[in-house]
Amino acid sequence: MTDLEIAQQAEMQDICEVAASLGLTEQDLERYGNHIAKLSDACLKKAEENPSGKLILVTAINPTPAGEGKTTVTIGLGDALRLRGRKTAIALREPSLGPCFGIKGGAAGGGHAQAVPMEKLNLHFTGDIHAITAANNLLCAMLDNHLQQGNALQIDPDRIVVKRSVDMNDRALRNAVIGLGKRTDGVVREDHFCITVATEVMAILCLAKDIFDLRERLSRIIVAYTYKNEPITAGDLKAAGSMTVLLSDAIRPNLIQTLAHTPVFVHGGPFANIAHGCNSLRATRAALHLADYVVTEAGFGADLGAEKFLDIKCRIGGLTPSAIVLVATARALKYNGGVSKDQAGEPNMEALEKGVCNLGKHIENLKKYGVPIVVTVNHFITDTDEEMAFLKQYVENAGCTFTISHVWEKGGEGGLELAEAVEKAANESSDFHHLYPAEMSLREKIETIAREIYGADGVDFADGTEKTVQHLEEMGYGSLPVCVAKTQYSLSDDPKKLGRPSGFRITIREVYVSAGAGFVVMIAGSVMVMPGLPKVPAAEKIDIDADGNIVGLF
């Protein structure tokens, strides 16, 4: 049975029943049908009066085609904690349409550890991402209108940094020329698109405390520079108010449920390879004030999502994780050891012993933050006892707790061992700290991330980027955290370097400030902010069957 078929057969509770397990009433919700709701502003404000629960971060090794199942484990762990009688909530990101119709597929978990309604979650959901697209593109339209209407702010058309967006993988839009046609059709200039989940507007929505903080952050977005090299912001264009209005519903966190009816807060969807990769602060905080345990995930491997969660989201939001779960699979580690995806399910101790170094590096990295770590192997039926025994010894020799998860097959029941270990870890003493202090220079920050997290020998700056870093320091942005955009497939900036690469350097080819979000973006290697579709996109297999049901979605 496919994940979609399991989800379609689920018997969901009314969303008010799900909310009631957190002490919420129907008056606290804004319903989107029977199984989806948004939390009202009054509910969010009331929740802040409650004490905060324990925050559990779920992360993983570098993703491979062989699969890791980080979201599946996140959901299964939440269900398992609830089975153990703990008041639990889960906090996830909203899936982007780009991966759904591209190559990665949906982001609702899998097997018997899923968030539902799965189809709605993976498609338009409550329209949050569409609202972000509209707000971003309104800003771009107002900028080009300003150029057309006389350019009173003296914006240099060659120094426009904001990009239009669409929530779809469309490589043809990476570079474009706009304003063609008649004189009244606009100023002719080069323009660019990024996928919506890579926009600063998405990052801002996920880091804003409330709608007033949202407006202030939107007003700080740097859209362009003048002929005199002075920054022009969304506030200068008088766009922040209208953008905020477009986002006034989208800023409210969404509530759905797992197959086992555990509450799931789903809100915001920044990619971890090109943005900060975490769900919204508002959703996480609401969950923490409504539950005793909150299980959340950060995108892609720990070198991206976890680093940004710990150094950006926790820093900006004042969060302190109580425990970290690191997810791996024997299949993925064997892939890191040199076997193909088709052979990853076959017993191969030599490949496992060679590829386990990727897991080892992530353990080393996470230990640098001072939070207890639990390593869990997401179990596949092809895994052997010998492989599991080897991984158990390896993890325990590294000083971490080892567990095996069977949540895809058994749901929460298959995660009870993990849940017990997580509870124990979350109640241990910890010394959470960031990788680098805010007062460190931007160059020192990227050097620290590259050396400590990626294992690089150092950082090289492409032409002009070092001057940009210096200029941002002079503009007063030196105290901001650094958000690195790089490939998710490797610890390095080369997707082909698997395992634990060494003897490499990170190349920074572009630098810009997301002044509203509150971080400096450094793009490493060849990572794209607008992905493309694969040769055979998932969209070719998605359809409606004779009974009107969605098929092929995941």
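Before reading further, recall that the structure is shown in the block above.
Residues numbered from 1 in each chain as written. Predicted model: local features only at pLDDT ≥ 70, side-chain atom pairs only at ≥ 80, totals over all residues. Heavy atoms only, no water.

Turning to the layout of surface pockets, a few remarks are in order. Unfilled space is identified by rolling a water-sized probe across the atoms. Space inside the second largest pocket adds up to approximately 1200 Å³. Along the walls of the second largest pocket sit 46 residues, with Ile160, Val161, Lys163, Glu510 and Tyr512 positioned nearest its centre. Elements with a contribution of two residues or more to the lining of the second largest pocket: strand S7 (155-160), strand S10 (189-191), strand S11 (193-195), helix H8 (200-207), strand S12 (222-226), helix H20 (465-474), strand S22 (506-514) and strand S23 (519-524). Counting residues per element, the lining of the second largest pocket draws most heavily on S22, which supplies six residues. Class assignment of the residues belonging to the lining of the second largest pocket gives a composition of 25 nonpolar, 10 polar and 11 charged. (1 Å grid on protein atoms, 1.4 Å probe; cavity = no way out; pocket = protein on both sides within 12 Å on 5 of 7 lines; lining within 4 Å. Points joined across faces, edges and corners; volume = space filled by probe spheres on them. Helix = DSSP H or I, 4+ residues; strand = E, 2+ residues; numbered from the N terminus. Nonpolar A, V, L, I, M, F, W, Y, C, P; charged D, E, K, R; others polar.)

Between helix H11 (residues 281-290) and helix H12 (residues 302-317), whose axes approach to 11 Å, the crossing angle comes to 65°. The angle between H11 and H12 falls in the class roughly perpendicular. Considering how the two elements wind past one another, H11 and H12 form a crossing that is right-handed. Where H11 approaches H12, its residues Leu281, Thr284 and Arg285 are matched on the opposing element by Lys313, Ile316 and Gly317. (Axes fitted to C-alpha atoms, helices over the stretch in contact; angles between N-to-C directions. Parallel < 35°, antiparallel > 145°, perpendicular 65-115°, else oblique. Left-handed = near helix turned anticlockwise from the far one by under 90°. Contact = heavy atoms within 4.5 Å.)

Our next topic: the nonpolar core. Generally speaking, a soluble globular protein has its nonpolar side chains buried in company with each other. In terms of nonpolar packing, the biggest core is built from 138 residues, with Phe265 and Leu359 touching the most fellow members. Ranked by the residues each element gives to this core, the list is headed by helix H7 (residues 128-148), at eight residues. Setting aside its immediate chain neighbours within four residues, phenylalanine 265 contacts Leu22, Leu39, Ala89, Ile90, Ala91, Leu92, Asn254, Leu255, Ala283, Ala286, Ala287 and Leu290. Core analysis: the next-biggest nonpolar cluster, separate from the first, contains 40 residues, Ile6, Ala80, Val295 and Val327 among them. (Core = buried A, V, L, I, M, F, W, Y, C linked by side-chain atoms within 4.5 Å. Buried < 20%, exposed > 50% of the residue type's maximum accessible area, 1.4 Å probe, protein only.)

Within the span of H20, buried status applies to Thr465, Val469 and Leu472. The buried side chains of H20 occupy one side of the element, clustering within an arc of 65° when seen end-on. In this structure, H20 carries Lys467 and Glu474 as exposed residues pointing more than 90 degrees from its buried face. Glycine 476 sits one or two residues past H20 and shows a positive phi near 100°. (Arc of directions from axis to C-beta.)

Taking strand neighbours across the sheet as the criterion, the three strands line up as S7-S12-S13 in an open arrangement whose pairing is antiparallel. At either end of the open sheet lies a strand with only one pairing partner, and these are S7 and strand S13 (231-233). Pairwise comparison of adjacent strand axes, ignoring direction, gives a mean angle of 50° for this sheet. Here S7 runs beside S12; their pairing, made up of two bridges, is antiparallel. The partner of isoleucine 160 across the bridge, within S12, is alanine 224. (Pairing = 2+ DSSP bridges.)

With the rule as written, the count across this model stands at one cavity of 30 Å³ or more. Volume-wise, the largest cavity comes out at about 60 Å³. Lining the largest cavity, in full, are Glu94, Pro95, Leu97, Leu121, Leu123, His124, Phe125, Ile129, His130 and Asp167.

What follows covers the side chain of serine 405. Of note, serine 405 is situated in strand S19 (residues 401-405). Serine 405 has contacts with Thr376, Val377, Asn378, His379, Gly414 and Leu418, leaving out every residue within four places of it along the chain.

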